[in-house]
Amino acid sequence: MLKLYGLSNCDRCRRARRRLEASGQEVEMIDLRRLADQDGLEETLQHFLGFVDWSTLLNRRSTTWRQLDDAERDALDQTRAMTLIKAHPSLIQRPVLDTGTEVLVGKAVDDWPA
């Protein structure tokens, strides 16, 4: 079963889920905010980091990113970025698809395997 991580109100995430399900894939949708509320985000982030770099996970074009002050955005490294993401799960580039063998982050839905 594929795991699709995103936000329940994200259009790209909903579109990705519909496309995957239409192609016959079984998809479990996991809301990143709920995951953070249940203290499961840390483990999930570590799993993602086994496949992709932290800079790939961080969405620097998001509204949340633009609302951060300069001190929070400057001189980022993996530790500081993960701290920000845990505090603001909407900073994760979405959607994130975990196939079990790879993690695809924020790709155009049409580029995903059908």
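Residues numbered from 1 in each chain as written. Predicted model: local features only at pLDDT ≥ 70, side-chain atom pairs only at ≥ 80, totals over all residues. Heavy atoms only, no water.

## Quick notes on the overall build of the chain
- Across its full length, the chain holds 7 helices and 4 strands.
- Mapped from its N terminus to its C terminus, the chain presents α and β elements in the order β-α-β-α-α-α-α-α-α-β-β.
- By the compact-globule yardstick of 13 Å for 114 residues, the chain fits well, its C-alpha radius of gyration being 14 Å.
- Taking the principal axes of its C-alpha atoms as reference, the chain extends roughly 45 × 25 × 25 Å.
- Buried positions account for 45% of the 114 residues belonging to the chain.
- Within the chain, counting contacts between residues at least 6 apart in sequence, those at least 24 apart form 65% of the total.
- Carbon and sulfur atoms make up 42% of the accessible area of the chain, which amounts to about 6,500 Å² in all.
- When the 17 basic and 19 acidic side-chain charges of the chain are each reduced to a single mean position, those positions are 6 Å apart. (Helix = DSSP H or I, 4+ residues; strand = E, 2+ residues; numbered from the N terminus. Rg over C-alpha atoms; globule rule 2.2 N^0.38 Å. Buried < 20%, exposed > 50% of the residue type's maximum accessible area, 1.4 Å probe, protein only. Contact = heavy atoms within 4.5 Å. Areas by Shrake-Rupley, 256 points an atom, 1.4 Å probe, with all protein chains shown as cover. Lys, Arg positive; Asp, Glu negative; His and termini not counted. Charge placed at Lys NZ, Arg CZ, Asp CG, Glu CD.)

## Section: the pattern of salt bridges
- All chains considered together, the criterion is met by 4 salt bridges.
- A salt bridge links R14 to D11, with the nearest nitrogen and oxygen atoms 2.3 Å apart. You can see R14 and its partner D11 sitting in helix α1 (residues 11-22), 3 residues apart, about one turn around the helix.
- Here R14 falls in the partly exposed class, since its relative accessible area comes to 35%.
- Note that R73 is salt-bridged to D70, the shortest N-O span being 2.6 Å. (Salt bridge = Lys/Arg side-chain N within 4 Å of Asp/Glu carboxyl O.)

## Some words on the side chain of S62
- Along the chain, S62 falls in the loop between α4 (54-57) and α5 (63-67).
- Polar contacts involving the side chain of S62 include one to the main-chain carbonyl oxygen of N59, which spans 3.3 Å.
- Among all residues touching S62, those that are not within four sequence positions of it are S90 and L91. (Polar contact = N/O pair within 3.5 Å; in protein donor to acceptor, adjacent residues only side chain to side chain.)

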